[in-house]
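Examining the three-dimensional arrangement
If you want the building blocks of each chain, they are given just below.
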Amino acid sequence: MIRNTFSILNGIGDKLERKLWGAGILTWDKFIGAPDITFISAHKKTFFDESLSSALNALDHADAAYFARAIKRRDHWRLYDIFKEESACLDIETNGFMPGSGGVVTVIGIYDGFDYKCFIRDENLTAESVMEEISRYKYLITFYGSGFDIPYLLRAIPGLKFDIPHFDVCFGTRRLGFRGGLKRLESELGIARDEIVKDMNGYDAVKLWEHAQRGSSDALKILKLYNKEDTVNLYAIAGIVYQRLRTQTGIEHYL
DNA sequence: ACCTGTAACCTCTCGTTTAG
DNA sequence: CTAAACGAGAGGTTACAGGT
């Protein structure tokens, strides 16, 4: 999908992108190779050619950091198919407060499609351990992470940084017309959730952490299961949402 | 070359939505 | 409960293309 994307260019939006596709210019290579495009001035085209050449170069080197910078957040979903093999779903739990007002991260869960790893406060959760795990990936998938998880992590754990593209599935689903949070989305898409944590919400996760602090190993176990279900299910949802967003662009009519 | 009409992009504010 | 960021919508602005 990213090779078909022209909205990364400054001055090209949805309309012009579709117009390019309609003119048979479906890929970056085609654009650079076209001698002239009637509705784009020669001066602009030279400029665009350069941008697309560096993007192609970055693509050859699978340079995730380049795309994290160069592509507007709303378009990061378009990188899904080229980075999905090296992607990770991330979800955090907290003690219910905001950083600076006593808020801390209690659990960080990361799922890459095969393995689930979790970092627990006071056990193995450090800036270094989390950073080391994050650095293994080139693509981040979250649900409302751009609004909550990532800013929270950055404030609560100094030293963390994220310079890879970030597919926030929440805004993808909104654009597709879905309402509601992750749990509702799961049921609408027919994705199952473990019975034990079926009716839990984020606030329950706060209470479970409090129980765990008072010595309940069961509470911690359930909290981890809850977090795991979130990341694993998100992984499945991301693929579906990507496919639907792709269809929504209309690209398939031109291929 | 210049001017003008049109189309689409950008910026801004506001309200909605989600997270734990 | 609270904070934050995106989307929607409106208005202003740029830039292209065609006519004179």
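The next subject is the nonpolar core. In this structure, Phe 6, Trp 28, Phe 67, Leu 90, Ile 108 and Phe 167 are the most contacted members of the largest nonpolar core, which totals 68 residues. Counting the residues that make up this core, at least three belong to each of domain 1 (2-61) and domain 2 (82-244). For Trp 28, the contacting residues outside a window of four places in its chain are Ile 2, Arg 3, Thr 5, Phe 6, Ile 8, Leu 52, Ala 55, Leu 56, Leu 59 and Phe 67.

A few words now on the domain arrangement of chain A. It is common to give the size of an interface as the accessible area lost on bringing the parts into contact. Partitioning chain A into structural domains gives domain 1 (2-61) and domain 2 (82-244). A straight line from the C-alpha centre of domain 1 to that of domain 2 covers 36 Å.

Let us now look at the side chain of Asp 149. Note that Asp 149 resides in helix 7 (residues 149-156). Of the side chains bearing the opposite charge, Lys 183 lies closest to the buried Asp 149, which forms no salt bridge; the N-O distance is 10 Å. Filtering out sequence-adjacent residues up to four positions away, Asp 149 remains in contact with Leu 90, Asp 91, Ile 92, Phe 143 and Tyr 144.

One can find Glu 186 in helix 9 (residues 182-188). Among the polar contacts listed, one links the side chain of Glu 186 to the side chain of Asn 233, at a separation of 3.1 Å. Sequence-distant contacts of Glu 186, that is, excluding residues within four places in its chain, are made with Ile 191, Arg 193, Asn 233 and Ile 237.

Now for the packing of helix 10 (residues 202-213) against helix 11 (residues 217-249). Interhelical geometry of helix 10 versus helix 11 gives an angle of 150° and a closest axis separation of 8 Å. The orientation of helix 10 relative to helix 11 falls into the category roughly antiparallel. For helix 10 against helix 11, the interelement crossing comes out left-handed. Here Gly 202, Ala 205, Leu 208, Trp 209, His 211 and Ala 212 of helix 10 lie close against helix 11, whose contacting residues are Ala 219, Leu 220, Ile 222, Leu 223 and Tyr 226.

This paragraph deals with the protein's contact with DNA strand C. Near DNA strand C there are 13 residues, and of these Thr 38, Phe 39, Lys 44, Arg 73 and Ser 146 occur at the shortest range. Taking Ile 40, its main chain carries an N or O atom lying 3.4 Å from a phosphate oxygen of DNA strand C. Residue Tyr 144 places a side-chain N or O atom 3.3 Å away from a base nitrogen belonging to DNA strand C. Residue composition of the surface near DNA strand C, grouped by class: four nonpolar, four polar and five charged.

Following the sequence through the fold, Ala 34 ends up in the loop between helix 2 (28-33) and helix 3 (42-60). Judged by relative accessible area, which is 15%, Ala 34 ranks as buried. Sequence separation of Ala 34 and Asp 49 is 15 residues, and the distance between their C-alpha atoms is 9.9 Å.

For the rest of this paragraph, the subject is the sheet that holds strand 3 (residues 116-120). Strand pairing in a sheet takes place through backbone hydrogen bonds and is either antiparallel or parallel in direction. Taken together, the five strands give an open sheet; going across it, the order is 3-2-1-4-5, and neighbouring strands pair in mixed fashion. Edge positions in the open sheet fall to strand 3 and strand 5 (166-168), since each of these has one partner strand only. Direction aside, neighbouring strands of the sheet carry axes that sit 25° apart on average. Here strand 1 (residues 87-94) pairs with strand 4 (residues 139-142) via three bridges, running parallel. Bridging across to strand 4, Ser 87 finds its partner in Tyr 139. Against the sheet, helix 7 makes contact with strand 1, strand 2 (105-111), strand 4 and strand 5, and its axis sits at roughly 65° relative to strand 1, the strand it touches most.

On to unusual backbone geometry, then. The backbone of Ala 62 sits at a positive phi, close to 50°, despite the residue not being glycine. Relative to the helices and strands, Ala 62 resides in the loop between helix 3 and helix 4 (64-70).

The tally for this structure, following the rule as stated, stands at eleven salt bridges. A salt bridge links Glu 186 to Arg 193; the nearest nitrogen and oxygen atoms lie 2.8 Å apart. Each member of the pair, Glu 186 as well as Arg 193, is classed as buried. A cluster of three or more residues bridged by salt bridges with shared partners is formed by Lys 183, Glu 186, Arg 193 and Asp 230.

Take the pairing of strand 3 next. The buried count for strand 3 comes to four of five residues, which makes it a mostly enclosed element. By the bridge criterion, five bridges tie strand 2 to strand 3 in an arrangement that is antiparallel. The partner of Ile 110 across the bridge, within strand 3, is Lys 117.

The rules behind the values
Residues numbered from 1 in each chain as written. Chains lettered and ligands numbered in written order. Predicted model: local features only at pLDDT ≥ 70, side-chain atom pairs only at ≥ 80, totals over all residues. Heavy atoms only, no water. Core = buried A, V, L, I, M, F, W, Y, C linked by side-chain atoms within 4.5 Å. Buried < 20%, exposed > 50% of the residue type's maximum accessible area, 1.4 Å probe, protein only. Domains from an automatic or database assignment. Contact = heavy atoms within 4.5 Å. Helix = DSSP H or I, 4+ residues; strand = E, 2+ residues; numbered from the N terminus. Lys, Arg positive; Asp, Glu negative; His and termini not counted. Salt bridge = Lys/Arg side-chain N within 4 Å of Asp/Glu carboxyl O. Polar contact = N/O pair within 3.5 Å; in protein donor to acceptor, adjacent residues only side chain to side chain. Axes fitted to C-alpha atoms, helices over the stretch in contact; angles between N-to-C directions. Parallel < 35°, antiparallel > 145°, perpendicular 65-115°, else oblique. Left-handed = near helix turned anticlockwise from the far one by under 90°. Near = heavy atom within 4 Å. Nonpolar A, V, L, I, M, F, W, Y, C, P; charged D, E, K, R; others polar. Pairing = 2+ DSSP bridges.

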